[in-house]
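The primary structure of each chain is shown beneath.
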Amino acid sequence: MRTEENILVKLKNAGIKQNDKWLVKGVSLEVEKGKIVTLIGPNGSGKSTTAKIALGIYKEFEGTVEKFTNKIGYVPQKISIDWTLPLRVADFMVLTDDLDKGDINEALALTGVDHLIDKNLGNLSGGEFQRVLLARAISRKPELLVLDEPVQGVDFTGEIALYQLIKKISEKLNCGILLISHDLHTVMSATDHVVCLNGHVCCSGSPIDVAKDKEYKALFGEQASQTLSIYEHKHDHVHSDDGDIKQKN
Amino acid sequence: MFDDFFIRALFAGIGVAFVTGPLGCFVVWRRLSYFGDTLAHSALLGVTIAFSLEFNIALSVFISSSVIALFLIQLQKKTNLPGDALLGLLAHSSLAVGLVAIGFLSFIRFDIMGLLFGDILAVNVNDLLIIWIGGAFILLVLKLIWKPLFASTVNYELAEAEGLNPDRAKAIFTLLMAAIIAISIKMIGLLLITGMLIIPAAFARNISDSPKGMVIFSIIGGLLSVFIGLFSSLNFNTPSGPSIIMAALILFIISLFKIKQSIKLKN
């Protein structure tokens, strides 16, 4: 269902120019309630920049951004916390919002780190910290979640589980999610719409359409496209093998 | 009860410590030590203006420090110089301009030592009122902007993305810094005010593991420094500001032993 009132954020021809160089240009996309939109693209293709434009972190940009919600949860890609600040997980959870204990514990339990609540943030491992970041963003029960590489540093099985969790959250909270990933493979099953970036929008559409797109193949190579197709078949069991698909070795 | 100069000084110090505690934590967290110094140095200019125009000292210092802060923000936008160079430039030039201005005002008798290092004898009932009412106001405003200020101290983009308006909180915090310098200049002196902001907070960092805990210990550290400093100032006839800061330093050194212990436990 595509109705105007379901739209949470809408970018139209958005771009940003720094020192006469476009960081990203001409991006149009919209995130609706209950839908997951994934941005993929190589390093420096403007994924994070696009997310920051949508979030309103950048004040000067080209094009238009319309935001229809103020309840936003954000997991930034890089977060450097200065350890002159004594900060426990419990303090970090209420950073931007006052939440009650129940909500905090529930969110931490969902991402599997409720046992760390009294730990100092500086003592967490990369994967643990990433789970805390995700828990903090969802604990506010946001209408729009922006997740910039939310599972970096998490082990592979944990990664799959977290993406399943993200999918579950979008259904449960009926929130829209703007997800950034460098790997379409793992987010495949948890995505409604994919936008492939490389300084501009290369191609966009359903995950399968994007995987088959020749621009996507040019950007990520034939191999990436093929593993994707296999992955899709394994989980769909609809198509029979056709000549294009080769077994992964 | 406020007839005695020592009681007045004590109450002034208590009032100042309650405000420098939480503000000092933010100065340490946000790495604003040199910024505090710059504002404090520019206070001398405010004092000379106050004397020459027969104006209230605290108000005059607040205005001059705020102007310097705004000027700094403009300079940061217009030049390619690094932040610390700009801070040094403003700190020393405003100190120099202040001292030259004092030279011109030869018809007024200045207690330069008192201005630079604080003078407990100079604290009158009027100053006490300014410290307590001004201090209460600063704490109230800090409480109001706590959430956005703290969130943006941890991560600016997170605070901005989730709609907390960190830029406004930062601007208000700058004014609060100017205000604390204005109300504590008589007590501690402009060369040592930043010490009162940083050292109790540094002491608190060593012995606390949460932000609120650090604020509380920072206030306790400030209060202890004021008590110890003022009593020794009275007994040994030393200037009040340096005595308070020295007491704070001793507390900081003691707190270092606590870190050593906790490191041992972890290994």
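For every chain, the first residue of its written sequence is number 1, and the numbers climb from 1 along that sequence. The order in which chains are written sets their letters, starting at A; the order in which ligands are written sets their numbers, starting at 1. Restriction of local features to residues with pLDDT of at least 70 applies here, the model being predicted, together with a cutoff of 80 or more for giving and counting side-chain atom pairs; totals for whole chains, interfaces and linings are based on all residues.

A word on the overall build of chain B
The helix count covers DSSP runs of H or I at least four residues long, the strand count covers runs of E at least two residues long, and both are numbered beginning at the N terminus. Within chain B one finds 11 helices and 0 strands. Listing each helix as α and each strand as β along chain B from the N terminus yields α-α-α-α-α-α-α-α-α-α-α. The C-alpha atoms of chain B give a radius of gyration of 19 Å, which matches the 18 Å a tight globule of 267 residues would have. With C-beta atoms placed from the backbone, a residue is labelled by how many other C-beta atoms lie within 10 Å of its own: buried for 20 or more, exposed for 12 or fewer, partly exposed between the two. Within the span of chain B, comprising 267 residues, buried residues form 49% of the whole. Long-range contacts, defined here as pairs at least 24 residues apart, represent 73% of the contacts in chain B between residues at least 6 apart. We compute the radius of gyration from the C-alpha atoms alone; for a globule the expected value is 2.2 Å times N to the 0.38, where N is the number of residues. By definition, residue pairs are in contact when their C-beta atoms, positioned from the backbone, come within 7 Å.

Looking at helix α8 (residues 166–188) of chain B
Residues and elements named next belong to chain B. Between its terminal C-alpha atoms α8 stretches 31 Å, which fits the 33 Å expected from 23 residues at 1.5 Å a residue. The largest bend in α8 amounts to roughly 35° and is located at A182. Looking one or two places after α8, you find G189, whose phi comes out positive at around 90°. A helix is expected to span 1.5 Å multiplied by its residue count minus one. Two axes enter the bend calculation: one fitted to the seven residues ending at the residue in question, the other to the seven starting there, and the bend is the angle between them.

Section: the interface of chain B and chain A
Many structure descriptions define interface size as the accessible area lost when the parts assemble. Opposite the 20 residues of chain B that make contact, chain A presents 20 residues. Secondary structure elements with two or more residues in the side of chain B that touches chain A: α1 (5–29), α6 (125–154), α7 (156–161) and α10 (211–236) of chain B. Residues belonging to the side of chain B that touches chain A are distributed by class as follows: 10 nonpolar, 5 polar and 5 charged. Just so you know the grouping, Ala, Val, Leu, Ile, Met, Phe, Trp, Tyr, Cys and Pro go in nonpolar, Asp, Glu, Lys and Arg go in charged, and all remaining residues, Gly too, go in polar.

Here we look at the sheet that holds strand β3 (residues 36–40) of chain A
All names here are of chain A. Ordered by their spatial adjacency, 6 strands build an open sheet running β5-β6-β7-β3-β8-β9, and the pairing between neighbours is mixed. Each end of this open sheet is capped by a strand with a single partner; those strands are β5 (72–75) and β9 (201–205). Between one strand axis and the next, the sheet turns through 10° on average, direction left out of account. Here strand β8 (residues 193–197) pairs with β9 via 4 bridges, running antiparallel. Bridging across to β9, L197 finds its partner in V201. Between the N-to-C directions of two axes lies an angle of 0 to 180 degrees, each axis being a line fitted to C-alpha atoms and, for a helix, fitted only over the stretch in contact. The strands that helix α4 (residues 126–139) touches are β5 and β6 (144–148); relative to β5, the one it contacts most, it runs at about 175°. Whether two strands pair comes down to DSSP finding at least two bridges between them.

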